[in-house]
Amino acid sequence: MTIKFVAALAVSLATIAFQARADVIKVGVIAPMSGPFSAVGQTWEGATKAYQKLNGTTAGGHTIEVIYRDLPEINPAQAKALAQELIVKEGAQYIAGLYFTPDTLAVAALAQEAKVPVVIFNASTSSLLDKSDFLLRTSYTLPQMAVPVAKYALEKNVRNAVTLVSDFGPGLDAEKGFTTAFVSGGGKLLEAIRAPLKTTDFGPLMQRVKALKPDALYVFAPGGPATYAMVKAYNEAGLRAAGVRFLGTAETDEDQLRAIGPDLLGIETGMFYSATHNSPLNNAVIKALGEVAPKAIPTVQLANAYDGLHVIYHMVKATDGKRDGAKALVSAKGHSWESPRGPVKIDPASREFVQNVYMRVVEKDPSGRYVNREFRTFEMQPDYGRTQNASK
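Residues numbered from 1 in each chain as written. Predicted model: local features only at pLDDT ≥ 70, side-chain atom pairs only at ≥ 80, totals over all residues. Heavy atoms only, no water.

A. Broad picture of the packing of helix 5 (residues 142–155) against helix 6 (residues 169–184). One can describe the packing of helix 5 onto helix 6 by two numbers: an axis separation of 8 Å at closest approach and a directional angle of 35 degrees. Helix 5 and helix 6 meet at a crossing whose hand is right-handed. Of the residues in helix 6, those in contact with Leu142, Pro143, Ala146, Val147, Val149, Ala150, Ala153 and Leu154 of helix 5 are Pro170, Asp173, Ala174, Gly177, Phe178, Ala181 and Phe182. Partitioning the contact of helix 5 with helix 6 into residue classes produces 13 nonpolar, one polar and one charged. (Axes fitted to C-alpha atoms, helices over the stretch in contact; angles between N-to-C directions. Helix = DSSP H or I, 4+ residues; strand = E, 2+ residues; numbered from the N terminus. Left-handed = near helix turned anticlockwise from the far one by under 90°. Contact = heavy atoms within 4.5 Å. Nonpolar A, V, L, I, M, F, W, Y, C, P; charged D, E, K, R; others polar.)

Given below as structure tokens:
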């Protein structure tokens, strides 16, 4: 399989070298364009269009063409096949997107073989970038978000907590990041509960949480139906009424705000972006998104894809459009810029994002919309999953 892929790749690249449109740099994005996570794909597509509306369709004189492939749910074999198709048949010089960790793992080996840079728009397991020298990420890792949430909980005199996470890589990262920081800071973990990935009935688990009588519940779910079900069960179990603080990360993103609404009021999350982030750039990006993709929702995924395309433009300029994955990655290491989310930097050693984490609370604005209001900033946070002591 590997020999066939390399041979096909060699033929494809040789053909591309002689094509008249060789100055067109293709970016292949693997995204959930349909299915339960289709809002993510729509926002990624809208974000890339918004970036090109504000920054043009060329980088260093080279035209950038973005091509999408649909991957509705976790399917590593299909993710690998799509990446191979994009590289060999379409001649894609960069791969991007990838919502789930298992799919990204399947693409990593191809990236290493083909020396094709892969810019991850979402998949957030901390150890992912160790799988290939050609991966970088413009999203986040769960420890990066979980540690500031734990620090915030300690600031608010939360003495004990329960964690409830979906049982896969990012959920386990979130659990470990929060627990290590919380316990080392003097808090007590009453129980760590893990739910199967496709769980949509959290009622019994929330009753279990209620019986433990914690000061706070820290959660992580992968979005979509699982998040809706988790928030609903939290309220129906009477945990809000009992004064159990709900702490999370992306559970109150703007797509959830639209779908769930009042049940999210007062919920606190730690994340790197919200649509209400007040900066001239973010306001311009949201305006552009509304013009090029009116149905797209300005969630954290807007920032992920917008910054992802920025990094690709940067790499194209640094390589003068040439196929040199190693040089492209070197140029990205240490690169810093102003993002819709605030100041960001690619760590030169880990290739991870360094970025602000904002504590947010769900409120109703004067127009009646439910919004995340940022009220506390933890500046330029690293990936704590790579440190020995997550509380530092």
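B. Broad picture of helix 6. Helix length check: helix 6, at 16 residues, gives a terminal C-alpha distance of 22 Å against a target of 22 Å (1.5 Å per residue), a fit within 8%. Pro170, Gly171, Asp173, Ala174, Glu175, Gly177, Phe178, Thr179, Ala181 and Phe182 are the residues of helix 6 that are buried. Elements that come into contact with the buried residues of helix 6 comprise helix 4 (101–114), helix 5, strand 7 (160–166), strand 8 (188–195) and strand 9 (216–220). Looking at the residues trailing helix 6, positive phi occurs at Gly186, about 110 degrees. (Expected span 1.5 Å × (residues − 1). Buried < 20%, exposed > 50% of the residue type's maximum accessible area, 1.4 Å probe, protein only.)

C. Structural view of the packing of helix 2 (residues 38–55) against helix 10 (residues 280–292). Between helix 2 and helix 10, the shortest axis-to-axis distance is 8 Å and the interhelical angle comes to 110 degrees. The angle between helix 2 and helix 10 falls in the class roughly perpendicular. In terms of crossing hand, the pair formed by helix 2 and helix 10 is right-handed. Contacts from Gly46, Ala47, Lys49, Ala50, Lys53 and Leu54 of helix 2 reach helix 10 at Ala284, Val285, Ala288, Leu289, Glu291 and Val292. Class assignment for the residues of the contact of helix 2 with helix 10 results in eight nonpolar, one polar and three charged. (Parallel < 35°, antiparallel > 145°, perpendicular 65-115°, else oblique.)

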